Every structure is written in C-alpha cells, then in structure tokens.
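One letter stands for each residue in the lines below.
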Amino acid sequence: MQTIEEMIEILDLEKIEDNIFRGKTYKTPWKRIYGGQVLAQSLQAAIRTVPDDRHLHSMHAYFILAGDIDREVVYIVDDIRDGGSFTTRRVRAVQHGRDIFIMSASFQREQDGKDHQNQLPDVPMPEDLKTDIEMAEIFKDMFPAIYKQFQIPRPIEFRPVEPFEKLYNGQHPPMRHVWMKAKGPLGDELNAHKTALAYASDYNLLTTALIPHTFNINFSKLQMASLDHAMWFHRPFRMDDWLLYALESPSASGARGFTRGSVFDRKGRLVASVVQEGLIREPQKKQ
C-alpha cells in the first residue's frame, strides 16, 4: 500500500446488514493482515453505528488470531449502551467463522471540563529530519531483515528523531520519538483522522521494546505480533499534518514487550495516548 488513497479505500467498509460490515484486505508481504488495518476498520464499523453528536474517545482491543490476507473481514457491531453522555460499542472482526480481533469503543457527547496535559518533548521539527527509509540504509548489510521491512510501501511517512545507529547498538534505553503524517489530504471529518491515526499507531510500538536487546537478537527468526492495543483520543487533530509519537517501553518479560506512546501535534497539544503489549519471541534452544 503506497498512497493515502489506497488506505482510505481499504478503510471504507461495505454495509451488509444493520451493524454488519465487510472490509477489504491489503495483501501484506509478511502474509498476515497488518494489525493497524483491522484496528482502523473495527473503529470505522463502530463509528458508523453511533449518532453524529458522539465522538470516539477511547478503544480497547485484543488481537486473537492472525488475519488471512486472502479473505475479506466481516465486522459485527453490538450496541452495548446508548446513554445520556456516553455510547458504548463492541466489535468482532470475523474470518473463517472465527473471531480474529475484538474491540470495545466508547463515544462521548461533547462536554466542557478541566484541562491539563504533559508537555511536548523538546525535539527537532520533522523538516530537519530524514525519513526512516533514508535512515534504514545503515541496516542494509548489518540487519538485512530489518532493512527489508523498511522497503515496504506505506501510506504514512515517518521521520524518527533519534538516528538508527544510536538506537540499534544495544545501549540505548527503550524510548524514541517519531514524527508521522499521512502522505496526502484526509478532508475535514475528524473520524477520518482518528481512524488514520489508529492505522498508523501500530507502527513503531513493539520495535521500541527491542531497542535494549538489538545486540543479541536474530532478527531473521524473531517472532513479533501485537497482542492487545488501547487508545485514548484527547483533543481534535489532523493526521495529514505532522504528529509526534513519543514512545517508551517500561517493561519486557515473558516473551512480551509493553510499550506506551503519547501523540502530540505541532502546536504541542497532547491529542492521543496509546498502549500496547505484544509478543516478542525467539526460537527456543533445544535442551
């Protein structure tokens, strides 16, 4: 997937019946559905069953089975609650008659309240940075498996703050900053920007948990997969302008890596928060 138009087409669901939708599947080179795709499509399904005066503010999800790239995904939405201020939806993503992904999402009627936030980290602006594809040249001989991943076309542009040679020497703490934006306009509908951010949010999380361990990992045999994912949307934003993804991994244990991210816009507003735990597993040595 190379363009934002392709991403928009993938995220545009077909309505089959009330609260039932079907989504197309992008054929990834790694032969499984990209987690951000099913995440964003699930949000799109939930959004389409909610009144226009309710705005998505949080979602919590589990990745259950690897998605089949040769089959479309059916999304079944349950109307859990329609309250005075909040609306709750549950979404099941189904392939081959089995749930591959489940999600709960909460929507809120716009209300005034107290306001505070963490501050934007002091980092260079994206115009002063290289893209991750340009930075990845250092992996061409050192880590061919990583280099190959960066050559896969994406509808999102990423510009890391920390140089890769600094991150991938096994001595840097598990934290990083990445500017990101859609490679084209998304219009003025806020939900389009929220689903695009959900799509992009699955990038860079698990790899942040790998940073302290790169010196002794066999990347060609490493197994990685998202296990769960949660997002909170704090303030309006545009995904077709630069957003800073500030990432840190407080813990890795039991073949799982835990990472959290804060998303800021260029003006320094904290617009979203992300948390994910994922599988990080190397082949077990025979006794």
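Up top you'll find the structure we're talking about.
First things first, this report covers the structure right here in the doc. As the structure is a computational prediction, the values presented were derived from the model and not from experiment. (Residues numbered from 1 in each chain as written. Predicted model: local features only at pLDDT ≥ 70, side-chain atom pairs only at ≥ 80, totals over all residues. Heavy atoms only, no water.)

1. Topic: the overall build of the chain
The line we're drawing: Secondary structure elements are taken from DSSP: a helix is a run of H or I of four residues or more, a strand is a run of E of two residues or more, and numbering for both begins at the N terminus. The quantity called the radius of gyration is restricted to C-alpha atoms. Its globule counterpart is 2.2 Å times the number of residues to the power 0.38. We call two residues in contact whenever any of their non-hydrogen atoms come within 4.5 Å of each other.
A count of helices and strands for the chain gives eight helices and 12 strands. Its C-alpha radius of gyration of 19 Å places the chain within 12% of the 19 Å reference for a compact globule of 287 residues. Seen through its principal axes, the chain has C-alpha atoms that stretch 55 × 45 × 35 Å. Across the chain, every contact between residues at least 6 apart in sequence was considered, and the portion connecting residues at least 24 apart equals 72%.

2. Considerations on the sheet that holds strand β2 (residues 20-23)
The condition that has to hold: Whether two strands pair comes down to DSSP finding at least two bridges between them. To define axes, lines are fitted to C-alpha atoms, for helices over the stretch in contact only, and angles between the resulting N-to-C directions are given on a 0 to 180 degree scale.
One open sheet holds the 12 strands; their spatial order is β1-β2-β4-β5-β6-β3-β9-β12-β11-β10-β8-β7, and the pairing between them is antiparallel. Only two strands of the sheet have a single neighbouring strand rather than two, namely β1 (14-17) and β7 (156-160). The mean inter-strand angle of the sheet, taken between neighbouring strand axes irrespective of direction, is 25°. Here strand β3 (residues 54-63) runs beside strand β6 (residues 98-109); their pairing, made up of nine bridges, is antiparallel. The residue bridging Met-59 from the neighbouring strand is Ala-105, located in β6.

3. Things to note about the packing of aromatic side chains
Our working definition: Aromatic rings from Phe, Tyr and Trp, with only the six-membered ring used for Trp, were paired whenever their centres fell within 6.5 Å, and each pair was classed as stacked if the ring planes differed by under 30 degrees, edge-to-face if by over 60, and tilted otherwise. For every residue, the accessible area obtained with a 1.4 Å probe (protein chains only) is divided by the maximum for its type, and the residue is called buried under 20%, exposed over 50%, and partly exposed between those limits.
Counted by the stated rule, this structure contains six aromatic pairs. Both rings, one in Phe-63 and one in Phe-101, keep their centres 5.0 Å apart while their planes meet at 65°; by these two values the pair is edge-to-face. With Phe-63 in strand β3 and Phe-101 in strand β6, this residue pair connects regions lying 38 residues apart in the sequence. Taking the relative accessible area as the measure of exposure, Phe-63 reaches 16% and is therefore buried. Taken together, the ring pairs connect Trp-30, Tyr-34, Phe-158, Tyr-199 and Tyr-203 into an aromatic cluster.

4. Here's the deal with the layout of surface pockets
For the record, the criterion: Using protein atoms alone on a 1 Å grid, points that fit a 1.4 Å probe yet trap it form a cavity, whereas open point sets bounded by protein on both sides within 12 Å along at least five of seven lines form a pocket; residues with an atom within 4 Å of a point count as lining. Grid points are joined across faces, edges and corners, and a volume is the space filled by probe spheres set on the points. Polar here means any residue other than Ala, Val, Leu, Ile, Met, Phe, Trp, Tyr, Cys and Pro, which are nonpolar, and Asp, Glu, Lys and Arg, which are charged; Gly is therefore polar.
Roughly 1,300 Å³ of volume is contained in the largest pocket. Every residue lining the largest pocket is counted, 46 residues in all, and those nearest its centre are Trp-30, Arg-32, Gln-149, Met-224 and Ala-225. Within the lining of the largest pocket, the residues separate by chemical class into 31 nonpolar, nine polar and six charged. For the second largest pocket, the calculated volume is near 620 Å³.

5. Concerning the environment of Lys-221
Its location among the elements puts Lys-221 in the loop between α8 (205-210) and β9 (223-233). Lys-221 sits in the exposed class, given a relative accessible area of 54%. Taking the C-alpha atoms as reference points, Lys-221 and Tyr-203, 18 residues apart in sequence, are found 19 Å from one another.

6. Overview of the pattern of salt bridges
Inclusion rule: By convention in these notes, a salt bridge is any Lys or Arg side-chain nitrogen within 4 Å of a carboxyl oxygen on Asp or Glu.
Within the structure shown, the criterion is met by 19 salt bridges. Through salt bridges with shared partners, a single network forms among Glu-14, Arg-22 and Glu-72.

7. Comments concerning a nonpolar patch on the surface
The criterion, for reference: Candidate patch residues must exceed 30% relative accessible area and have no salt bridge, after which like charges are joined if within 9 Å and Val, Leu, Ile, Met, Phe, Trp or Tyr side chains if within 5 Å. For the accessible areas, the method is Shrake-Rupley and the probe is 1.4 Å, while residue cover comes only from the protein chains on display.
On the surface, a cluster of nonpolar side chains totalling about 350 Å² of accessible area is made up of Tyr-62, Ile-64, Leu-65 and Ile-102. Relative to the helices and strands, Ile-64 resides in the loop between β3 and β4 (73-82). Judged by its relative accessible area of 43%, Ile-64 falls in the partly exposed class.

8. Here we look at the pairing of β1
Pairing between β1 and β2: three bridges, direction antiparallel. Bridged to Lys-15 within β2 is Phe-21. Connecting β1 to the antiparallel partner β2 that follows it, the hairpin turn spans two residues, and Asn-19 within it adopts a positive phi of roughly 65°.

9. A look at the packing of helix α2 (residues 35-47) against helix α7 (residues 190-201)
A pair of packed helices is characterised by two quantities: the angle between their axes and the separation of those axes. Keep this limit in mind: Comment on the angle field: the value is read as roughly parallel under 35 degrees, roughly antiparallel over 145, roughly perpendicular from 65 to 115, and oblique elsewhere. When the near helix sits turned anticlockwise from the far one by under a right angle, the crossing is termed left-handed; a clockwise turn instead gives a right-handed crossing.
In the contact formed by α2 and α7, the axes pass within 7 Å of each other and the chain directions differ by 155°. Here α7 runs roughly antiparallel to α2, going by the angle between their axes. In terms of crossing hand, the pair formed by α2 and α7 is right-handed. Together, Gly-36, Gln-37, Leu-39, Ala-40, Leu-43, Gln-44 and Ile-47 of α2 and Asn-191, Thr-195, Ala-198, Tyr-199 and Ser-201 of α7 make up the contact between the two elements. Grouping the constituent residues of the contact of α2 with α7 by class yields six nonpolar, six polar and no charged.

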